[in-house]
Each structure stands twice: as C-alpha cells, then as structure tokens.
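# Geometric and topological summary
Below are the chains, spelled out letter by letter.
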Number of protein chains: 2
Amino acid sequence: MTAAVFGLGLIGGSFALALRDNSLAGEIVGVDSSETNATLALQLGLVDRIVDFDQAAKADLIVLATPVDVTPVLATKILNQITPHQVVMDMGSIKEELCEVIAQHPQRSRFVATHPMWGTEFSGPSAAEHGAFKGRTAVICDGEKSAPDALETVRRIYQTLQSPVIPMSAAEHDIHAAYVSHISHITSFALALTVLEKEREEERIFDLAGGGFESTVRLAKSSPDTWTPIFTGNKYNVLDVLREHIHQLGVLRRMIEKDDKEGLRKAMKKANEIKRILK
Amino acid sequence: MTAAVFGLGLIGGSFALALRDNSLAGEIVGVDSSETNATLALQLGLVDRIVDFDQAAKADLIVLATPVDVTPVLATKILNQITPHQVVMDMGSIKEELCEVIAQHPQRSRFVATHPMWGTEFSGPSAAEHGAFKGRTAVICDGEKSAPDALETVRRIYQTLQSPVIPMSAAEHDIHAAYVSHISHITSFALALTVLEKEREEERIFDLAGGGFESTVRLAKSSPDTWTPIFTGNKYNVLDVLREHIHQLGVLRRMIEKDDKEGLRKAMKKANEIKRILK
C-alpha cells in the first residue's frame, strides 16, 4: 500500500512514522504548504518523497493532517479525483463541519473521519514522535457513511498502532472534544496570559514553577495555527463549555471572597470526583 | 541530630524520607492529628516513632508540614517551649500570615520559614515519595529574621536534598505563589467541576482524555484540606490573580464569539511566550 500524508506537522509526521514503523505502507509521500516544513520532514525521514497534490492524490491511502479549516476543502478536492479503490482519512480535532461539507459527495464512502486522541504542545515536523498513538483512543466518526472496506482499512491501521477505536457521531464528537480537550487548551492559554500579564518577574515564574504551574500551562505552548480554527470551528460547543467554566471560577471566587471554607471544601471535594474517571 | 515532623502527609512524609535517605537525622519522630495517618506513617516507615507534642518539641530539628491554617498557632506553641539550640522550620505554601504571627516571639530567630516547590495531586502518608525535593527550588522567607546557625542548618538540609535555595520576603513569596501555584490549582478545580457538571457521559471523558484534559485537570485531585486554607489564607493575592484570569478567559470568549481569528492567533502567540520561561 502507498500512503500520502497532507500536513507534515506533529500529527501527520507522527502518523507517517507510525505507518512506516509498523510496515503499514510501502512508499510514503508527503505534501506540505510550507516548503520549509516539507524539506525538514524529508530530512527527518518522515516521508520518502515530497510530491505535489496530483501525485499525492494517487496514493492508496491518503491521510489529511492539516489545520481543521483547510481540511474540508482539501478533502473535497481529493474526493473529486480519486478512484474507488482509494481510501481517504483525516485526523482533525473537530469533525462536524468536515462531515457536513463532504456529506453529499458522490465519493463520500471512500472517506473515513477520525480523531486520534494524542497530541503534545509542540508542532511542526520536528515534533513528530515514534509510537505516538499507542494506547490512545482513536475516534471514528459517522462510520456508517464510509464503505465497509475503507472503514476496515482504517480500523486495521489503528488496531496495529494499538489505538482502541471507538465510534461516535461527528456531532457527538465535537461536543465531547469541547469538554475534554478544547477547554483545557483555552484555560491553559488564558493562564499563560494571566501570568505573563501580571507576573513581571519572569525569573520567579521559573523558580517557582514546581508548584503546579508547569502541568496546567503546558498546553499554552501549542500552535495558534492549529488551535485558532479549532476554537472557531467548534464555536458553539466551545462557548457553551467556556461559559460554564467562567461560571465555576466565579463561584470559587465568591467563596474565597466570603471566606466560605465549608463551601470551598465541598466544591473541591466534588472536583476530586474526577479521580473516579481519571486514575 | 534528632528530628520531629508534625503532619505526616505528602510533604511531611516525603521530607521525613529525605532526612533519612540522606542520613540527615538519627531518630525521626512524628506527630499527626489523625491517628489513622500516624499509624500508617509508622507502618510505611516514614518515622521511627509516633510521639506526643511535648516529646516532639524536644527534637533538635522540628519540621512543620501541617495545613497552613494550623501552622501559625502550632509554631507559636513550639517556640514557647524550645531551647536556643533547637531549630524549627515549616514547609507551608503561604508564608505571610505565619511570619506575622511569630514576628514578635522572643524565640523567632529559631524559626526558618521555607516552601519547597514540590508537590503532587496525592495526599496522606501513602503519597510520600523518596527523592521528592531533588532539583526543586526551596524558598526561604525572611531569612534575616532567623539566627545564622538556624538558617545554616536548614540551608544545608536543602543543599543535601539538591534543592536550590532562594531567599524571598514572605510577602513577595505569597504574591508569586498565587501566580505560579495557587491559580493553577483553582483553574484545575474549576475545570473538573465544569466537566463533571456538564459532561454526563463519564466514559467519554475517560476515552477522550488524551486530548489535553489529563494534564490540566490533574491538580483537581488535590486535597481540599490542604488547599482551602491556602486559598483563604492568601485571599487578596489569589483574588487579584483570579480576577485577571477570568478577564483573560472573557477576552478569549469574545474573540471566539466574534470569529476574530486574527485576535485569537495573536493572543495565543503571546501565550506561547511562556516557552521562553518554561522549556
């Protein structure tokens, strides 16, 4: 099987490595809108060759790991010119808009919409990691709209990567992703901005970071190019969660203002229930 | 040197282990207000014996690792009955109130106020870890109010534990700690509450947690008994940071509402500057 990866950053680069490491593809070619990234990806051995759109669109497996605002149009263009033996998949963080854009495409069934729940705060080809998806859930959205053979190809890839596959509708995915991933990034960005705004003594941040800051602010190092279209593309779900989050912060704030120790203790005890879900 | 540790939880337990692992103390005795914790600490070998207040107050080195609302009164009672060869230190997350309470005590100079920048989301004796403080900064507050020999004893301990010591005033410490540690805990608690409130499908949280949630919500597992008195004890600094944080979240929210991609990109790019400080 030949594979083409569009977008040779953190996710696309890691997926290319995973395909190769697991002998899932013969030749792996790559496309990237940035010439610098393309060259770097080639130097790093993420792909065998950098090719143009038309050449990439001939691969047996076409993987879209582009920013989510690029993917819907790119997916459509690729579906426009593939033959029915090819499989196209994406790996984006939001799914509803994409699935809506390609919904009526005559070749829709060749497309498999996926979202592997893996990432780091780093970006670009040099952020690609071996063994990235192992043990992480891969969501497959609206699988009933994909041809059984296309679905099976993608399932088998994730199975080989040791990523448990779970099915979900695109709409359901975007709601859950807002809660479990997007809001974490927003709070982390806001936390970094808060500290950069008010804490003028940067050395102190560095000295004292062991107190919990590092883990909560880690995601604030993430790429604006990746996250801007995720936040706006999943706008209504993200705003819904963000409103609730600001409300919860307000509740805690009022308790601190009023020295309401009993209220604080109860709220934190409730928050502790997250232990039940995340060990 | 004999040592007595008051409060045999995460911090006190880990410090007892560190004292022993580095042969910094001969006998190490412990005191805990919870009989269960005291018994467990003894079983786990954190301390050699559980003793009462009067016995503990005779140790050469007395370490207070109690919740921060307990420490000021406890410190005063201990200073009331020690002799001038003894050293008392604390390890609490806030320092101003404590330093104020003991400021005029005739034995003030025997006290060294410290805060090692280490912790985990776990609590109790079973959370104690070997090698906990290695590589983490230890803040010593208002060191000029401690006798040179007491200061030297504590400095040497942290040096042996490979904790770089930095001096700071108690007031300065509490401001920086609000930014770099306390706010991270508040956002994490609020994030857990947000998700628990709105995300009814707990299985989905578990499945999708790889998307960044785990690292930002980790601190929400922390002990309410530890954190309630920290938030109320450092009230004005914490509220100041919290107000700014809610403001920053509001700014991001409005940008998402207005599809202001350029604004979002710029804000995240600014947040990325945290990379400069935290690699």
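Model, not experiment: these values are computed from the prediction.

## So, the pairing of strand β7 (residues 138–141) of chain B
All names here are of chain B. Along β7, one buried face is formed by Ala138 and Ile140 and the opposite face, lined by Val139 and Cys141, is buried too. Looking at chain direction, strand β6 (residues 111–116) and β7 are connected through 4 bridges and run antiparallel. Bridged to His115 within β7 is Val139. Where the polypeptide runs from β7 across helix α6 (residues 148–160) and back to strand β8 (residues 165–168), its parallel neighbour, the crossover connection is right-handed.

## What about the pattern of salt bridges?
As enumerated under the stated definition, the model contains 24 salt bridges over all chains in all. Here Asp48(A) ties to Arg20(A) by a salt bridge, and the two come within 3.1 Å at their closest N and O atoms. Note that Asp48(A) is positioned in the loop between α2 (35–43) and β3 (49–50) and Arg20(A) in helix α1 (residues 10–21), a separation of 28 residues in sequence. Since its relative accessible area comes to 29%, Arg20(A) is described here as partly exposed. Residues joined by salt bridges that share partners form a network here, namely Glu172(A), Arg204(B) and Asp207(B).

## Details of the packing of aromatic side chains
In the structure shown here, the tally under the stated rule is 12 aromatic pairs over all chains. Between Phe189(A) and Phe231(A) the ring centres are 6.4 Å apart and the planes differ by 90 degrees, which places this aromatic pair in the edge-to-face class. Here Phe189(A) is found in helix α7 (residues 170–198), whereas its partner Phe231(A) is found in helix α10 (residues 224–233), with 42 residues between them in sequence. On the basis of relative accessible area, Phe231(A) is assigned to the buried category, the value being 2%. Where Phe6(B) meets Phe53(B), the ring centres are 5.9 Å apart and the plane angle is 65 degrees; that geometry is what we call edge-to-face. With a gap of 47 residues between them, Phe6(B) in strand β1 (residues 3–6) and Phe53(B) in helix α3 (residues 53–56) connect regions that are remote in the sequence.

## Section: the interface of chain B and chain A
On the side of chain A, 93 residues touch chain B, which itself brings 93 residues to the contact. A buried area of about 9200 Å², summed over both sides, lies between chain B and chain A, and 67% of it is on carbon and sulfur atoms. Counting every contact that joins chain B to chain A gives 8 salt bridges. Lys235(B) is the partner of Asp259(A) in a salt bridge, and the nearest nitrogen-oxygen pair spans 3.2 Å. Linking chain B to chain A there are 26 residue pairs in polar contact (both at pLDDT 80 or more).

## As for the domain arrangement of chain A
All names here are of chain A. Partitioning chain A into domains gives domain 1 (3–168) and domain 2 (173–277). Each of domain 1 and domain 2 has a C-alpha centre, and the two are 30 Å apart. Across the boundary between the two partners, domain 1 contributes 14 residues, which contact 15 residues of domain 2. Ranking the residues of domain 1 by area buried against domain 2 places Ser93, Ile94 and Glu121 at the top, with a combined share of 44%. Summed over the shared surface of domain 1 and domain 2, the number is 1 salt bridge. There are 4 residue pairs in polar contact (both at pLDDT 80 or more) connecting domain 1 and domain 2.

## Some details on unusual backbone geometry
Positive phi, close to 50 degrees, is recorded for Ser23(A), a residue that is not glycine. Using a relative accessible area of 65% as the deciding quantity, one classes Ser23(A) as exposed. Even without glycine at this site, Gln162(B) takes up a positive phi of about 60 degrees. Along the chain, Gln162(B) turns up in the loop between α6 and β8. Given a relative accessible area of 47%, Gln162(B) falls into the partly exposed group.

## Things to note about the environment of Leu242(A)
Among the structural elements, Leu242(A) can be located in helix α11 (residues 235–257). In this structure the C-alpha to C-alpha distance between Leu242(A) and Ile183(A), which are 59 residues apart in sequence, comes to 6.7 Å. Leaving out residues up to four positions away in the same chain, Leu242(A) has contacts with Ile183(A), Ile186(A), Leu249(B), Arg253(B) and Ile256(B).

## Description of a negative patch on the surface
A cluster of acidic residues, Asp69(A), Glu96(A), Glu97(A) and Glu100(A), forms a negative patch on the protein surface. In this structure, Asp69(A) sits in the loop between β4 (61–64) and α4 (71–81).

## Considering the relation of the copies chain B and chain A
One copy of the chain maps onto the other through a rotation about an axis followed by a shift along the same axis. The operation relating chain B to chain A is a screw motion whose rotation component is 180 degrees, with 0.0 Å of axial translation and a residual RMSD of 0.0 Å. Each copy turns onto its partner about a two-fold axis. It is Thr216(B) whose C-alpha, among those of chain B, lies nearest the rotation axis, at 2.2 Å. A symmetric contact is evident, with 100% of the interface residues of chain B recurring at the interface of chain A.

## Digging into the sheet that holds strand β7 (residues 138–141) of chain A
Residues and elements named next belong to chain A. With mixed pairing, 8 strands are arranged side by side in an open sheet as β3-β2-β1-β4-β5-β6-β7-β8. A single partner strand is all that each edge strand has here, and the edge strands are β3 and β8 (165–168). Relative to β4, strand β1 (residues 3–6) runs parallel, the two sharing 4 bridges. Following the sheet pairing, Ala4 is matched in β4 by Ile62. Packed onto the sheet, α4 meets β1, β4, β5 (87–90) and β6 (111–116) and runs at close to 165 degrees relative to β4.

Rules used in this analysis
Residues numbered from 1 in each chain as written. Chains lettered and ligands numbered in written order. Predicted model: local features only at pLDDT ≥ 70, side-chain atom pairs only at ≥ 80, totals over all residues. Heavy atoms only, no water. Buried < 20%, exposed > 50% of the residue type's maximum accessible area, 1.4 Å probe, protein only. Helix = DSSP H or I, 4+ residues; strand = E, 2+ residues; numbered from the N terminus. Pairing = 2+ DSSP bridges. Right-handed = clockwise from strand over helix to strand, strands pointing away. Salt bridge = Lys/Arg side-chain N within 4 Å of Asp/Glu carboxyl O. Phe/Tyr/Trp six-rings, centres within 6.5 Å; stacked < 30°, edge-to-face > 60°. Contact = heavy atoms within 4.5 Å. Buried area = accessible area lost by both parts, 1.4 Å probe. Polar contact = N/O pair within 3.5 Å; in protein donor to acceptor, adjacent residues only side chain to side chain. Domains from an automatic or database assignment. Patch = residues over 30% accessible without salt bridge, like charges linked within 9 Å, V, L, I, M, F, W, Y side chains within 5 Å. Areas by Shrake-Rupley, 256 points an atom, 1.4 Å probe, with all protein chains shown as cover. Lys, Arg positive; Asp, Glu negative; His and termini not counted. Charge placed at Lys NZ, Arg CZ, Asp CG, Glu CD. Least-squares fit on C-alpha atoms with pLDDT ≥ 70 in both. Axes fitted to C-alpha atoms, helices over the stretch in contact; angles between N-to-C directions.

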